[in-house]
Amino acid sequence: MTTLRNADPLGSIDSTELRILHALATTGSLTAAAASLGLSQPAVSQRIKRVETRLAVPLIERSGRGIRLTPAGRILADHGRTVVAEIDAALAAIDDLRGERAGTLRLVGFPSASATLVPALMRELAVEAPDVALQYREAEPPAATAMLRDGEVDCALIFDYEGAAELPAGSAFLPLWREEVRLVASDERAPGDADVKLGEFASDHWIAGCEKCRGHLLSAAGEAGFEPDIIQETDNVPAMLAMAAAGGAVALVPGLALAAARTLPDDAHALRLDPPRYRTIGIVSMATANESPQVRLAKRLLASVDGSCWGLEPVA
């Protein structure tokens, strides 16, 4: 129990007594103050008398049919309001912490996160909250955010290229990392390891991935002044890399997807673009005042993951 002390070791006041004084300042009545705190009126009166004895100063005085605080009582009530608020906030945080350590977390994420960020989250959960059951499903961002909207999951790990993800009404996006997008081409199309301009590949055939990745390719090519000739389509990143390595087509591949594939074919190169292009990775959840402790836990643990091994940069 929090106790405020003065120079006299006999002069002290605890958090319950501070709550009583605050209630008295608010209600102006012993009866109303007692009712608001779930105490009896005699109990409140006795606590006030004991504090007055310890501090050797009156705290309340009669005012008509009610009571009012003396100057000393008002000082304690005013300062006590802050102390009590801090105590309540600390207790609420402890309640949240207890709530985080059990229950179920329903998460959806995109394929390359399944092989990188999600296992990292699972390791963090095993240490901090081993009793939390992680239910994981895999889907690309448009489908993932639809699952969040429909209440099928608690939060969604997504990526976005333009910094303006289409989110369900009432949801919020917490950006966590930024990753660089590379151009993957075969030996015969790669000018060593030098940076390349996207327009240099305007006459090439292209491989497109998921809906959002295809949209990014079309947007990037449009900025470079050409329309890509997409002749192959696959969401399978290892297959995409193998196709690019075989020649005849090139592809834009984000860093996390390259990391999830683990190895790049010997006859392929992941070239940096000039100017560079990026995509953002983060977590989406419903923006409600009653957000579950498990979602708060997921946000905190994912934010603590070091993504540098996969080429991720934390979002400031």
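The shown structure was predicted, so the numbers you read here are calculated from the model rather than taken from an experiment.

1. Thoughts on the overall build of the protein chain
Tallying secondary structure elements over the protein chain gives 11 helices and 13 strands in all. Since a compact globule built from 316 residues should have a radius of gyration of about 20 Å, the 30 Å found for the protein chain marks it as more spread out than a globular shape. Taking the principal axes of its C-alpha atoms as reference, the protein chain extends roughly 95 × 35 × 35 Å. Counting over 316 residues, the protein chain shows a buried share of 41%. For the protein chain, the exposed surface amounts to about 15,900 Å²; the carbon and sulfur share of it is 52%. The average position of the 30 basic charges and that of the 42 acidic charges among the side chains of the protein chain differ by 15 Å.

2. With respect to the packing of helix α1 (residues 15-27) against helix α3 (residues 41-55)
Between α1 and α3, whose axes approach to 10 Å, the crossing angle comes to 110 degrees. Classified by the angle between their axes, α1 and α3 sit roughly perpendicular to one another. Crossing geometry of α1 relative to α3 is assigned as left-handed. Of the residues in α3, those in contact with Thr-16, Glu-17, Ile-20, Leu-21 and Leu-24 of α1 are Val-44, Arg-47, Ile-48, Val-51 and Arg-54. The residue inventory of the contact of α1 with α3, partitioned by class, reads six nonpolar, one polar and three charged.

3. Thoughts on α3
Along an α-helix, residues three or four positions apart point the same way, because every turn accommodates 3.6 residues. Under the 1.5 Å per step criterion, the end-to-end length of α3 is 21 Å for 15 residues, consistent within 8% with the ideal 21 Å. All of the buried residues along α3 are Val-44, Ile-48, Val-51 and Glu-52. Each buried residue of α3 sits inside an arc of 100 degrees when the element is viewed along its axis, so together they form one side. Projecting away from the buried face of α3 at angles above 90 degrees are the exposed residues Pro-42, Lys-49 and Thr-53. Where α3 is buried, its residues contact β2 (12-14), α1, α2 (30-37) and β3 (60-63). Once α3 finishes, Ala-56 follows within two positions and takes phi at roughly 60 degrees, a positive value.

4. Examining unusual backbone geometry
Backbone torsion omega between Asp-274 and Pro-275 reads 0 degrees, so that peptide bond is classified as cis. Inspection of the secondary structure assignment puts Pro-275 in strand β12 (residues 268-286). The backbone phi angle of Ala-56 is positive, close to 60 degrees, even though this residue is not glycine. Classification of Ala-56 by relative accessible area gives exposed; the value is 69%. The phi dihedral of Arg-262 falls on the positive side, at around 75 degrees, and the residue is not glycine. Relative to the helices and strands, Arg-262 resides in the loop between α10 (255-261) and β12.

5. Things to note about the pairing of strand β11 (residues 251-254)
Consecutive side chains along a regular strand alternate between the two faces of the sheet. Neither face of β11 is exposed, since Ala-251 and Val-253 on one face and Leu-252 and Pro-254 on the opposite face are all buried. Here strand β8 (residues 171-186) runs beside β11; their pairing, made up of four bridges, is antiparallel. Looking across to β11, one finds that Leu-183 is bridged to Leu-252.

6. Here's the deal with the packing of helix α6 (residues 117-128) against helix α11 (residues 293-304)
The contact between α6 and α11 brings their axes to 9 Å, and the two run at 115 degrees. Taken together, the axes of α6 and α11 are roughly perpendicular relative to one another. Relative to α11, α6 is oriented so that their crossing is right-handed. Across from Leu-117, Leu-121, Glu-124, Leu-125 and Glu-128 in α6, the residues of α11 making contact are Leu-297, Arg-300, Leu-301, Leu-302 and Ser-304.

7. Notes on the packing of aromatic side chains
Enumeration over the complete set of coordinates arrives at three aromatic pairs. Between the aromatic rings of Phe-110 and Phe-159, the centroid separation amounts to 5.0 Å while the plane-to-plane angle is 85 degrees, which identifies the pairing as edge-to-face. A residue pair is termed long-range when its members are at least 10 positions apart, and Phe-110 in the loop between β5 (104-109) and α5 (111-114) and Phe-159 in strand β7 (residues 155-160) qualify at 49 residues. For Phe-159, a relative accessible area of 2% corresponds to the buried category.

8. Looking at the pattern of salt bridges
Overall, the coordinates contain 16 salt bridges when judged by the stated rule. With a closest N to O distance of 3.1 Å, Arg-272 and Glu-180 form a salt bridge. Within this pair, whereas Arg-272 is found in strand β12, its partner Glu-180 is found in strand β8, the two being separated by 92 residues in sequence. Connected through salt bridges with shared partners, the residues Asp-14, Glu-17, Arg-47 and Arg-54 form a single ionic network.

9. Let's talk about the nonpolar core
The biggest cluster of nonpolar side chains holds 48 residues, and the ones touching the most others in it are Leu-117, Leu-157, Leu-183, Trp-206, Leu-252 and Ile-281. Excluding residues that lie within four positions of it along the chain, Leu-157 makes contacts with Leu-107, Val-108, Gly-109, Phe-110, Ala-113, Leu-117, Val-118, Ile-281, Gly-282, Ile-283 and Leu-302.

Conventions we followed
- Residues numbered from 1 in each chain as written.
- Predicted model: local features only at pLDDT ≥ 70, side-chain atom pairs only at ≥ 80, totals over all residues.
- Heavy atoms only, no water.
- Helix = DSSP H or I, 4+ residues; strand = E, 2+ residues; numbered from the N terminus.
- Rg over C-alpha atoms; globule rule 2.2 N^0.38 Å.
- Buried < 20%, exposed > 50% of the residue type's maximum accessible area, 1.4 Å probe, protein only.
- Areas by Shrake-Rupley, 256 points an atom, 1.4 Å probe, with all protein chains shown as cover.
- Lys, Arg positive; Asp, Glu negative; His and termini not counted.
- Charge placed at Lys NZ, Arg CZ, Asp CG, Glu CD.
- Axes fitted to C-alpha atoms, helices over the stretch in contact; angles between N-to-C directions.
- Parallel < 35°, antiparallel > 145°, perpendicular 65-115°, else oblique.
- Left-handed = near helix turned anticlockwise from the far one by under 90°.
- Contact = heavy atoms within 4.5 Å.
- Nonpolar A, V, L, I, M, F, W, Y, C, P; charged D, E, K, R; others polar.
- Expected span 1.5 Å × (residues − 1).
- Arc of directions from axis to C-beta.
- Pairing = 2+ DSSP bridges.
- Phe/Tyr/Trp six-rings, centres within 6.5 Å; stacked < 30°, edge-to-face > 60°.
- Salt bridge = Lys/Arg side-chain N within 4 Å of Asp/Glu carboxyl O.
- Core = buried A, V, L, I, M, F, W, Y, C linked by side-chain atoms within 4.5 Å.

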